[in-house]
Amino acid sequence: MEILSYNCAPCSHVVKLRLELALKSSNLHQSRLTFRKHKFWCTKIDSRDGTLRFHNLDQSVVKKPSHRGRFRSLNILEGFKNVDSKVLSGGYNGYVIGGEGDASDISERGESATKVVIPELPDESNGEVGAPVSSCFWEWKPKFNVHYEKAGCENVNSAPVLFLPGFGVGSFHYEKQLKDLGRDFRVWAIDFLGQGMSLPLEDPTPRSSEGDISVRKDYAWGFGDETEPWASDLVYSIDLWRDQVQYFIEQVIGEPVYIVGNSLGGFVALYFAARNPHLVKGVTLLNATPFWGFLPNPIRSPRLAKVFPWAGTFPLPSSVRKLTEFIWQKISDPTSIAEVLKQVYADHSTDVDKVFSRILETTQHPAAAASFASIMFAPQGQLSFRDALSRCQMNNVPICLMYGKEDPWVKPVWGVQVKRQVPEAPYYEISPAGHCPHDEVPEVVNYLLRGWIENLETQGSVALPLLDDEESIQYSIAKDLEFVRDGSSKSVRVRFFGSSFSLWNMIRSLIKSRFGNLYFKS
């Protein structure tokens, strides 16, 4: 047992609370990694880049607890009553502030919620070291090089976790998960083929050798008239990405994994799990898009599919080339990219410079425009989102839902629909957070992921995050998760919806948050 003490600088109205968190240990199933013979290239990423920054929201400082749950003493600044503290039972590395009847705070949202202190991200400026991240390539098939990043491979007895990115981004979008969760788990994040750094290394439809070589270097790939043999059946579809994930798990990771997917990655994660439940230990959906693809699937609707003469294959038809050139010029413009990021991040003080630069870098790849066209015209998957969800439920695949409440694209109603279909799945609604909560509030998402995985790995002996009694599991509770970022404290409201969740309960909770308990006294 270890006790560590921290003291804040002198400050008026400071109430010192001593909080102790019992050292936890996980009996994680030990398994060996098995690799087949494939080509790998690895380089180290500079750990000094990619820090998420916010403007100074609060000058008060809350010292952090250990990410591994060791004993800590904590000085909490102004705002808490001098009462006996209690530890959040079953929560992962979190603390409840206050005692019976005093463990709540009336926030600006007008609703009572318990405060829970959670760990911050590794602060490299203070000498803390996140997990080293390696950038690698895996040759799935000839000419099909898949880029991925990994961390924590030395944690041989820990759970394996695979992150799947959203549309238009890549493994770089999970850097905060790799560096933080890589200290406890074995973590991978991949780039889907046709996106990120998994774009082709050669032109799938090379043009005629005639003409000035210097001019031809500026040609966009994929706009030729004849397709190379390796790309004859290439379509950047959800079925291709499903197969990519399957072979990656089988050939690189070598054992069943926890899969986490944001947006498009959430759909792929669910779709893959529905078809390969034996390779999945659990699925976490982060604002998962509930549909993908516009054209009918040729297996599900063969007659309807014949109506469409082209479905994302190479070469692109001449009419599609012109349309692609026009659209691509608009959406790849730096101003357009910046505007999209402004939409999907609820907190506009979030530093998205690195995300912006990586997206812009991808758009400048010669294969990017044609790959975009193939993705947009690719057929739907063989299973709809709802069908995939039903299959996962039938196969007892654990599912966890984490949705940013302020997402302008995948609005909360979509998460509610998933919850209604799979009522046993824990549903965490995070606010403020937009379409990419893992990048906007990584402290919260990492905390919830750690706790959910620990709950499954211990077969329920450790409670789900934020739950400290059996009744909480059935209904809805809200807690304010507090953490330190860049020397300032930050608070995010997380609402948990239990197995007895209903649309009426959600409306009731909303009314309570607006008008208090006036109309809902027990």
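Residues numbered from 1 in each chain as written. Predicted model: local features only at pLDDT ≥ 70, side-chain atom pairs only at ≥ 80, totals over all residues. Heavy atoms only, no water.

(A) The arrangement of the packing of aromatic side chains in detail. Tallied over the entire structure, the rule returns 21 aromatic pairs. Look at phenylalanine 167 and tryptophan 292: their rings are 5.6 Å apart centre to centre, the planes differ by 55 degrees, and that puts the pair in the tilted class. Pair noted here: phenylalanine 167 is in the loop between strand S9 (160-164) and helix H1 (175-181) and tryptophan 292 is in the loop between strand S12 (280-286) and helix H5 (302-305), with a separation of 125 residues, a long-range link. Judged by its relative accessible area of 35%, phenylalanine 167 falls in the partly exposed class. (Phe/Tyr/Trp six-rings, centres within 6.5 Å; stacked < 30°, edge-to-face > 60°. Helix = DSSP H or I, 4+ residues; strand = E, 2+ residues; numbered from the N terminus. Buried < 20%, exposed > 50% of the residue type's maximum accessible area, 1.4 Å probe, protein only.)

(B) Region of interest: the confidence of the model for the protein chain. The share of residues in the protein chain with pLDDT of 70 or more is 71%, and the mean pLDDT across the chain is 79. Counting interchain partners and residues more than four positions distant, the pLDDT-below-50 stretch residues 68-110 has 167 contacts. Contacts of residues 211-217 to residues separated by more than four positions or lying in other chains number 4 contacts, the stretch itself having pLDDT below 50. (pLDDT = per-residue confidence, 0-100. Contact = heavy atoms within 4.5 Å.)

(C) Just the pairing of strand S8 (residues 144-151), in detail. Of all 8 residues in S8, 7 are buried; the element is thus mostly enclosed. Where strand S7 (residues 134-141) meets S8, 7 bridges bridge the pair, whose relative direction is antiparallel. Residue pairing in the sheet places phenylalanine 137 in a bridge with histidine 147 of S8. Hairpin geometry of S7 and S8 is characterised by an intervening segment of 2 residues between the two adjacent antiparallel strands and by a positive phi of about 75 degrees at lysine 143. Sheet analysis places S8 next to strand S10 (residues 186-190), joined by 4 bridges and oriented antiparallel. Directly across from lysine 150, in S10, lies its bridge partner tryptophan 188. (Pairing = 2+ DSSP bridges.)

(D) Region of interest: unusual backbone geometry. Going from phenylalanine 314 to proline 315, the amide bond is cis rather than trans, its omega being 5 degrees. Here proline 315 shows up in the loop between H5 and helix H6 (318-331). Positive phi, close to 75 degrees, is recorded for lysine 143, a residue that is not glycine. Note that lysine 143 resides in the loop between S7 and S8. Even without being glycine, serine 263 reaches a positive phi, approximately 55 degrees.

(E) View of a nonpolar patch on the surface. Together, Leu304, Val307 and Phe308 give the surface a local cluster of nonpolar side chains, amounting to about 280 Å² of exposed area. The exposure class assigned to phenylalanine 308 is partly exposed, which follows from its relative accessible area of 36%. (Patch = residues over 30% accessible without salt bridge, like charges linked within 9 Å, V, L, I, M, F, W, Y side chains within 5 Å. Areas by Shrake-Rupley, 256 points an atom, 1.4 Å probe, with all protein chains shown as cover. Salt bridge = Lys/Arg side-chain N within 4 Å of Asp/Glu carboxyl O.)

(F) Region of interest: the pairing of strand S14 (residues 427-431). In terms of residue burial, S14 counts as a mostly covered element, since 5 of its 5 residues are buried. Two strands pair when backbone bridges link them, and strand S13 (residues 399-404) and S14 are joined in this way by 4 bridges, in the parallel orientation. Within S14, the residue paired with leucine 401 across the bridge is tyrosine 427. Handedness of the crossover joining S13 and S14 through helix H11 (residues 412-421) is recorded here as right-handed. Here S14 pairs with strand S16 (residues 488-497) via 5 bridges, running antiparallel. (Right-handed = clockwise from strand over helix to strand, strands pointing away.)

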